[in-house]
Amino acid sequence: MDATRCMILVAKSPQDYQAFWISPGDTNKLAIVFDSATANVSLTVCVEIFDIGGKTPPNRHQRAVEMFFILKGEGKAICDGKTVAIKAGDSLLVPPTGTHVIENTGNTRLYALCIMVPNEDFTELIRSGTPVDLDEEDIAVLCG
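Let me begin by describing the structure that accompanies this report.

Cut-offs applied
Residues numbered from 1 in each chain as written. Predicted model: local features only at pLDDT ≥ 70, side-chain atom pairs only at ≥ 80, totals over all residues. Heavy atoms only, no water. Pairing = 2+ DSSP bridges. Helix = DSSP H or I, 4+ residues; strand = E, 2+ residues; numbered from the N terminus. Axes fitted to C-alpha atoms, helices over the stretch in contact; angles between N-to-C directions. Buried < 20%, exposed > 50% of the residue type's maximum accessible area, 1.4 Å probe, protein only.

Side note on the sheet that holds strand S7 (residues 91-94)
Logical step 1: Read from one edge to the other, the open sheet built from 7 strands follows the order S7-S4-S9-S3-S2-S1-S10, with strand pairing classed as antiparallel. Strands with a single pairing partner mark the edges of an open sheet, and in this sheet they are S7 and strand S10 (130-132). If you compare each strand with its neighbour and ignore which way they point, the axes differ by 30 degrees on average.
Logical step 2: As paired elements, strand S4 (residues 65-72) and S7 share 4 bridges and run antiparallel to each other. Bridge pairing in S7 links Glu-66 to Val-94.

See below:
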């Protein structure tokens, strides 16, 4: 093992995550787990938390690949016109330029781990929004 290539371990707990609504009226908040500043690599790792009936606006990324892992809840994912049902344990991989929407169709909040590589200014967009606290339900889900 090459010790010169070893990174310092960064560890966080859900109480350390900063959460934001990107825009007024949003129905999903994003809790930043790791970003380019903490990971020293161009990525964004966050947990998206969707209210009942909540969804993302249609969006796409020019270069980034985005992966969603559903932690809790159920919904649907739409990418370039194709719709799939999603539930806890499912994974989605959205290719660059894929116009996509994630929507909570269940009767509880939908929680999705989201990883985007490269960052493509996603963390900066999230941080430009309105800070919001994670509530007891959010912390309970994230602590497993």
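Read on for the rest.
Remarks on the environment of Trp-21
Logical step 1: In this structure, Trp-21 sits in strand S1 (residues 18-21).
Logical step 2: Classification of Trp-21 as partly exposed rests on a relative accessible area of 23%.
Logical step 3: In sequence terms Trp-21 and Pro-131 are 110 residues apart; their C-alpha atoms lie 6.5 Å from each other.

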